[in-house]
Amino acid sequence: MTAAPEGDLDPEPELGWVQAEVRHEFPELRLLWVALAARPGPSPPAVSDRLRMLSDRFHGAQAIAMRQDPIPSAYRIFFRHIGLDPDETRTPLEAAAVERLVQGGFRSQNLVDDALLIALTETGVPVWALDADRLDGPLGIRQAHAGEGLGQGAAATPLPAGRLVVADAESALAIVFEAPALGYGVTPDTTRMALFAIQVAGVPAIHVEEALWTAVSVLDPGSAAEA
């Protein structure tokens, strides 16, 4: 398997490919991604403190009102366009807000999950992480093939034909807006990560790039100093 190419956010994240049929139906759909050298592990105190500060911004009234904001609203609209009811299948930001209310605050999990949560809550744009060395070429969005599985080996689960997935040149890696399939996500052995974000109509590219940069700067604080 060919690993994802080296990359960083200077000068720009890489624009992924979109299958022609998908691009025709959703002309403003984009995937942006970046590869970086980073290892998972526990979060340092500064990251945990940042999560606690973000918790104060997600009180009950704000969590209810935020769905009217432009970026959360754009993702809700796109969910409906792909057959998901955002009141039943929550968008990533709304899911994070509900979890914060249930738990009474954002709780530090680990460096990777914390970085993705910080990027999401600060920008409204969800970011996901893959093990870059498990990828075959650049990332993109396409429809699932008939009979295709999601994941590797015996753990692979069948995909409905036509379902939108994030993929590399060889395999479906994740259903759009869902966690990566088993075998492609970050593990304790990961040394390089590929972060990706999905842009939909109504979400400016600058916010998507900011989300990626935010996650990178948490995972690799030195990158912020070099920017």
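In this report, the structure presented in the accompanying data block is examined.

What follows concerns the overall build of the protein. A count of helices and strands for the protein gives eight helices and 10 strands. In the protein, buried positions account for 49% of the 227 residues. For the protein, contacts bridging at least 24 residues in sequence account for 72% of all contacts bridging at least 6. When the accessible surface of the protein is split by element, carbon and sulfur atoms take 53% of a total near 10800 Å².

Moving on, we come to the nonpolar core. In this structure, Val127, Phe177, Leu195, Phe196, Ile198, Val200 and Leu219 are the most contacted members of the largest nonpolar core, which totals 70 residues. Among the elements that take part in this core, helix 6 (residues 111-123) stands out by supplying eight residues, more than any other. When neighbours within four sequence positions are excluded, Ile198 is seen to be in contact with Leu29, Arg30, Leu31, Tyr75, Pro126, Trp128, Ile141, Val166, Val176 and Phe177.

Here Ser217 is to be found in helix 7 (residues 205-219). With relative accessibility at 17%, the residue Ser217 sits in the buried group. With 102 residues separating them along the chain, Ser217 and Ala115 place their C-alpha atoms 8.3 Å apart. Looking at Ser217, its side chain comes within polar contact range of the main-chain oxygen of Thr214, at 2.8 Å.

The next thing to look at is the packing of helix 6 against helix 7. Remark: helix 6 packs on helix 7, axes separated minimally by 8 Å, with the N-to-C direction vectors making an angle of 150°. Here helix 6 and helix 7 pass one another in a crossing that is right-handed. Between helix 6 and helix 7, the residues in contact are Leu111, Val112, Ala115, Leu116, Ile118, Ala119, Glu122 and Thr123 and His207, Glu210, Ala211, Thr214, Ala215, Val218 and Leu219, respectively. Of the residues belonging to the contact of helix 6 with helix 7, the class tally is 10 nonpolar, three polar and two charged.

Under the defined criterion, the tally for this structure stands at six aromatic pairs. Pairing Trp128 with Phe177 gives two aromatic rings, centres 5.9 Å apart and planes at 70°, and the pair type is edge-to-face. With Trp128 in strand 4 (residues 127-131) and Phe177 in the loop between strand 9 (172-175) and strand 10 (192-199), this pair connects stretches of sequence that are 49 residues apart. For Trp128, a relative accessible area of 10% gives the class buried. On the basis of relative accessibility, which here comes to 11%, the residue Phe177 falls in the buried class.

Here the focus is the packing of helix 2 (residues 45-55) against helix 6. One way to put it is that helix 2 packs onto helix 6 with a least axis distance of 10 Å and a crossing angle of 35°. Viewed along their axes, helix 2 and helix 6 form a crossing whose handedness is left-handed. Every residue of helix 6 that contacts helix 2 at Val47, Arg50, Leu51 and Leu54 is listed here: Leu111, Asp114, Leu117, Ile118, Thr121 and Glu122. Looking at the contact of helix 2 with helix 6 residue by residue, the class counts come to six nonpolar, one polar and three charged.

The rules we used
Residues numbered from 1 in each chain as written. Predicted model: local features only at pLDDT ≥ 70, side-chain atom pairs only at ≥ 80, totals over all residues. Heavy atoms only, no water. Helix = DSSP H or I, 4+ residues; strand = E, 2+ residues; numbered from the N terminus. Buried < 20%, exposed > 50% of the residue type's maximum accessible area, 1.4 Å probe, protein only. Contact = heavy atoms within 4.5 Å. Areas by Shrake-Rupley, 256 points an atom, 1.4 Å probe, with all protein chains shown as cover. Core = buried A, V, L, I, M, F, W, Y, C linked by side-chain atoms within 4.5 Å. Polar contact = N/O pair within 3.5 Å; in protein donor to acceptor, adjacent residues only side chain to side chain. Axes fitted to C-alpha atoms, helices over the stretch in contact; angles between N-to-C directions. Left-handed = near helix turned anticlockwise from the far one by under 90°. Nonpolar A, V, L, I, M, F, W, Y, C, P; charged D, E, K, R; others polar. Phe/Tyr/Trp six-rings, centres within 6.5 Å; stacked < 30°, edge-to-face > 60°.

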